[in-house]
Amino acid sequence: MRLLVVEDEIRLARALRRGLAADGFVVDIAVTGPAGLAAARDGSYDALLLDVMLPQMSGYDVVRTLRAEENHVPVLILSAKDGVHDQADGLDLGADDYLVKPVSYVLLLARLRAVLRRPRESRPPILSWGDVQLDPATHEVTMGAEPVALTPREYALLEYLLRHPDRVVTKIELLDHVWDLGDRDSNTVEVYVGYLRRKLGPDLVETVRGAGYRLGSTAAFGG
Ligand code: CA
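Residues numbered from 1 in each chain as written. Predicted model: local features only at pLDDT ≥ 70, side-chain atom pairs only at ≥ 80, totals over all residues. Heavy atoms only, no water.

Describing unusual backbone geometry
Argument step 1. Here the residue pair Lys 101 and Pro 102 is connected by a cis peptide bond, since its omega of -5° sits within 30 degrees of zero.
Argument step 2. In this structure, Gln 56 is a non-glycine residue whose phi angle is positive, near 75°.
Argument step 3. Residue Ala 145 is not a glycine yet carries a positive backbone phi of 75°.
Argument step 4. Take Ala 145: it is sitting in the loop between β8 (140-143) and β9 (146-147). (Helix = DSSP H or I, 4+ residues; strand = E, 2+ residues; numbered from the N terminus.)

Okay, here's the thing in structure tokens:
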């Protein structure tokens, strides 16, 4: 699950990213209204966490613009404005939920999950490879109907591979999408691919020498 945090308080944005990454989300940050809008337009985000008081363009204007463009990405507004009219305005403009700062992380996560669970046309489909299934809405991974316990990073790596089944993904691409800027060691990717193979079978991921990785053929499973 990819999230976009639009928040100009950089310490809060980073704290949110740390927490959410530990729960298996991949999180990008934008620090102005226009940057958030641009990222939301062309990013394939599963949800936005959107501040209201932002440089250059308010969060309200961001959500209003997205909805006018028929973009229905789930939006949770995080705002220090706790007036009922502010909250009503946010929801009327098309936000899916409104949380008042300071936000309890536990509550934010629960609200986020609730929004992601809601039936909607864009509800993410189950991703699968052979008898391995990953449900992006619940973060559950099963193999032959048995639950498989993955760490948040293993989960994010598997999800990325399952979302790009028909091509080679490079190590750089995986570092960009699955790892934070801090730990960009390409050996890390190899190590985690190894963990996934151990848990889900050696054929899950093929190494394409000099290029990257590709999901293995599922021919052995009959497609
Ligand atoms: Ca702000």
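Continuing now.
Regarding the nonpolar core
Argument step 1. Counting residues in each nonpolar core, the largest one holds 28 residues, and the members touching the most others are Val 141, Leu 157, Leu 158, Leu 174, Leu 196 and Leu 204.
Argument step 2. Within the residue set of this core, elements represented by two or more residues are β6 (127-129), β7 (132-135), α6 (152-163), α7 (171-178), α8 (186-200) and β11 (212-215).
Argument step 3. Here this core gets seven residues from one element, more than from any other, and that element is α6.
Argument step 4. When residues no more than four places from it in sequence are discounted, the contact partners of Val 141 are Val 132, Gln 133, Leu 134, Glu 146, Pro 147, Val 148, Leu 150, Tyr 155 and Leu 158.
Argument step 5. Ala 40, Tyr 45, Leu 50 and Leu 66 belong to the second largest nonpolar core, which has 21 residues in total. (Core = buried A, V, L, I, M, F, W, Y, C linked by side-chain atoms within 4.5 Å. Buried < 20%, exposed > 50% of the residue type's maximum accessible area, 1.4 Å probe, protein only. Contact = heavy atoms within 4.5 Å.)

With respect to the environment of Tyr 155
Argument step 1. Relative to the helices and strands, Tyr 155 resides in helix α6.
Argument step 2. Given a relative accessible area of 4%, Tyr 155 falls into the buried group.
Argument step 3. Measuring from C-alpha to C-alpha, the distance between Tyr 155 and Glu 140 comes to 9.0 Å, with 15 residues separating the pair along the chain.

A closer look at the packing of aromatic side chains
Argument step 1. Scanning all chains against the criterion turns up one aromatic pair.
Argument step 2. Summarising the aromatic geometry, the rings of Tyr 192 and Tyr 195 are spaced 5.0 Å apart at their centres and angled 75° between planes, so their arrangement reads as edge-to-face. In this pair, Tyr 192 and Tyr 195 are both assigned in helix α8, three residues apart and thus about one turn of the helix distant.
Argument step 3. Since its relative accessible area comes to 31%, Tyr 195 is described here as partly exposed. (Phe/Tyr/Trp six-rings, centres within 6.5 Å; stacked < 30°, edge-to-face > 60°.)

As for the packing of α7 against α8
For any two helices packed against each other, one specifies the crossing angle of their axes together with the interaxial distance.
Argument step 1. The N-to-C vectors of α7 and α8 enclose an angle of 85°; their axes lie 9 Å apart at closest approach. Comparing the axis directions of α7 and α8 gives the class roughly perpendicular. Residues Lys 171, Leu 174 and Leu 175 of α7 lie in contact with α8, whose contacting residues are Ser 186, Val 189 and Glu 190.
Argument step 2. Residue composition of the contact of α7 with α8, grouped by class: three nonpolar, one polar and two charged. (Axes fitted to C-alpha atoms, helices over the stretch in contact; angles between N-to-C directions. Parallel < 35°, antiparallel > 145°, perpendicular 65-115°, else oblique. Nonpolar A, V, L, I, M, F, W, Y, C, P; charged D, E, K, R; others polar.)

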